[in-house]
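This is what each chain is made of:
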Amino acid sequence: MSALFPKWFNAFPTLAAVGAGGTLMAAIAGFWYYATPAFWAVGYQPIQPVEAFSHQIHAGRLGMDCRYCHTKVEVSAEANIPNVATCYGCHAEKRLAAWQTQRVSLVRQAYATNESIEWRRVNKLPDYVRNFPHHAHIAAGVSCYSCHGQITAMPVVHQVAPLSMSWCLDCHRNPESSLVPKDRVTQLVWVEQFLTNRANGTPAQPTPGDVVHSLERQPPQGCGACHY
Ligand code: HEC
Ligand code: HEC
Ligand code: HEC
Ligand code: HEC
Ligand code: HEC
């Protein structure tokens, strides 16, 4: 027996346990690190049910204003997702070219059966963050571009900002550099140019009539403003 298992082997179970434990810890630590929202959420781009509902086509090429579909974004905390009737207004039978029939069939089918399309949520805050107030930000002159990126160039929407607490607070401590003329908040191409110029120190050029206002009150930093 002693020939089969040398004395040092008595330590083997302990070593094995320590080794396995270490590997497990490393795996957990790694997962924790990469699984935090800052790592996996940016770029999050779920597959959407209507293939190729494209912001690039609708908001970009066709130039539709965000508020045509996200009608409540200025007046409520939540930016609503449009219902099928909004789409059907343009995609009813015989309205647009015949070649589209195939591509928009899901819209027509949903409308005919009075069902809603199950869009997959892209941007989502954890529940312990109180509902994020879209209207307050729009009214203050913060553009969709600052938080959602250049939507007008996205065939499929993906998450652009980490939505972490430090991301919120970084802007709340220094909001001025994100403010744009209030009537431009949904003009994302204009806004991108404007903010890029400002960041580069090139004089940002609001056209005559644009007012770059200052805030009446500082954005909140107290815990209760964002948490229950
Ligand atoms: C023709 C209607 C329409 C227009 C115009 C439109 N959207 Fe959308 N938007 C949708 C639909 C439908 C969805 C849900 C499907 C998806 O995510 O692509 C959506 C989703 C989004 C999302 C992701 C929501 C989430 O789950 O996190 C953002 C952000 C967004 N839109 C911003 C914008 C902005 C900014 C504009 C203006 C530049 C705009 N949209 C214009 C219809 C529209
Ligand atoms: C204001 C009119 C209008 C509204 C509202 C509208 N669309 Fe469209 N949509 C168009 C037009 C015009 C095209 C064709 C664009 C082109 O390719 O020239 C189109 C194209 C499409 C296509 C085909 C895209 C492709 O890749 O060929 C899909 C799918 C689509 N729309 C889905 C939707 C959905 C879903 C909604 C509602 C959230 C919606 N549309 C709302 C006008 C509209
Ligand atoms: C200051 C940052 C910020 C600005 C500005 C902003 N959003 Fe958002 N948006 C968010 C956050 C954060 C969420 C996730 C909210 C949540 O989970 O409660 C979100 C979610 C959304 C959603 C998904 C809502 C849902 O219920 O599925 C849409 C659509 C949207 N935003 C559209 C817009 C549009 C359009 C604009 C510009 C008119 C805009 N947002 C401006 C930060 C912003
Ligand atoms: C790009 C800049 C920016 C980002 C990012 C941002 N905010 Fe704000 N936020 C503002 C500004 C500017 C105001 C001031 C609005 C006012 O009261 O005039 C504000 C105000 C608020 C208010 C107070 C609204 C009211 O009616 O008093 C809340 C709550 C808030 N933000 C939550 C958030 C949360 C949560 C996030 C992150 C998920 C966030 N904000 C990200 C710029 C930003
Ligand atoms: C401007 C909005 C805002 C303010 C102010 C704010 N938070 Fe947060 N907080 C957030 C958001 C958004 C998250 C979610 C972050 C995420 O999902 O990674 C968060 C997450 C947290 C978490 C969970 C952290 C984690 O990693 O799980 C704690 C704890 C927390 N906040 C405590 C506080 C305390 C304490 C204060 C006051 C000193 C405070 N927060 C102020 C927006 C805010």
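Residues numbered from 1 in each chain as written. Chains lettered and ligands numbered in written order. Predicted model: local features only at pLDDT ≥ 70, side-chain atom pairs only at ≥ 80, totals over all residues.

K.L.:
How should I be thinking about the overall build of the chain in this particular structure?
P.N.:
A tally of regular secondary structure across the chain gives eleven helices and zero strands. Across the 228 residues in the chain, those meeting the buried criterion constitute 15%. Of the contacts made within the chain by residues no fewer than 6 positions apart, 73% connect residues no fewer than 24 positions apart. (Helix = DSSP H or I, 4+ residues; strand = E, 2+ residues; numbered from the N terminus. Buried ≥ 20, exposed ≤ 12 C-beta atoms within 10 Å, placed from the backbone. Contact = placed C-beta atoms within 7 Å.)

K.L.:
Even after reading the chapter, I still don't get the site of ligand 4, so can you show me in this structure?
P.N.:
Taken together, the neighbourhood of ligand 4 is formed by 23 residues, with Ala-136, Ala-140, Cys-168, Cys-171 and Pro-219 sitting nearest. Among the secondary structure elements, those contributing two or more residues to the shell around ligand 4 are α7 (134–139), α8 (144–148), α9 (165–173) and α11 (223–226). For the shell around ligand 4, the element with the highest residue contribution is α9, accounting for four residues. Considering only residue class, the shell around ligand 4 consists of 18 nonpolar, four polar and one charged. (Near = placed C-beta within 6 Å. Nonpolar A, V, L, I, M, F, W, Y, C, P; charged D, E, K, R; others polar.)

K.L.:
Please explain the environment of Val-189 as it appears in this structure.
P.N.:
Note that Val-189 resides in helix α10 (residues 188–200). Its 14 C-beta neighbours within 10 Å are what place Val-189 among the partly exposed residues. Between the C-alpha atoms of Val-189 and Ala-153, which are 36 residues apart in sequence, the distance is 9.2 Å.

K.L.:
Just to check I follow, could you spell out the nonpolar core for this structure?
P.N.:
Generally speaking, nonpolar side chains in soluble globular proteins are found buried as a group. Counting 13 residues, the largest nonpolar core has Cys-144 and Val-191 as its most contacted members. Of all the secondary-structure elements, those providing two or more residues to this core are α8 and α10. By residue number, the principal contributor to this core is α10, which donates three residues. Other than its neighbours up to four places away in sequence, Val-191 contacts Ser-143, Tyr-145, Val-180 and Arg-184. Val-84, Cys-87, Ala-110 and Tyr-111 belong to the second largest nonpolar core, which has six residues in total. (Core = buried A, V, L, I, M, F, W, Y, C linked by C-beta atoms within 7 Å.)

K.L.:
So what exactly am I meant to see when it comes to the site of ligand 5 here?
P.N.:
What surrounds ligand 5 is a group of 16 residues, the closest being Ser-164, Met-165, Cys-168, Cys-223 and Cys-226. Every element with two or more residues in the shell around ligand 5 is listed here: α9 and α11. With four residues, α9 is the single largest residue contributor to the shell around ligand 5. Residues belonging to the shell around ligand 5 are distributed by class as follows: eleven nonpolar, five polar and no charged.

K.L.:
Honestly, the packing of helix α5 (residues 84–91) against helix α6 (residues 105–112) in this entry has me stumped. Any pointers?
P.N.:
Geometry of a packed helix pair, given as the angle between the helix axes and the separation of the axes. It is the contact of α5 with α6, at a shortest axis distance of 9 Å, that shows an interaxial angle of 120°. In this view, α5 runs oblique relative to α6, as classed from their interaxial angle. For α5 against α6, the interelement crossing comes out left-handed. On α6, the residues that touch Val-84, Ala-85, Cys-87, Tyr-88 and His-91 of α5 are Val-107, Arg-108, Ala-110 and Tyr-111. (Axes fitted to C-alpha atoms, helices over the stretch in contact; angles between N-to-C directions. Parallel < 35°, antiparallel > 145°, perpendicular 65-115°, else oblique. Left-handed = near helix turned anticlockwise from the far one by under 90°.)

K.L.:
Explain unusual backbone geometry here, please?
P.N.:
With the exception of glycine, the majority of residues adopt a negative phi angle, and the majority of peptide bonds are in the trans configuration. If you check the backbone angles, Asn-114 has positive phi at about 60° while not being a glycine. Its place among the elements puts Asn-114 in the loop between α6 and α7. Under the C-beta neighbour-count criterion, Asn-114 is labelled exposed, with 7 such atoms within 10 Å. A positive phi angle is found at Leu-163, which is not glycine, with a value near 55°. One can find Leu-163 in the loop between α8 and α9.

Read these as layout, nothing more, since geometry by itself doesn't imply function.
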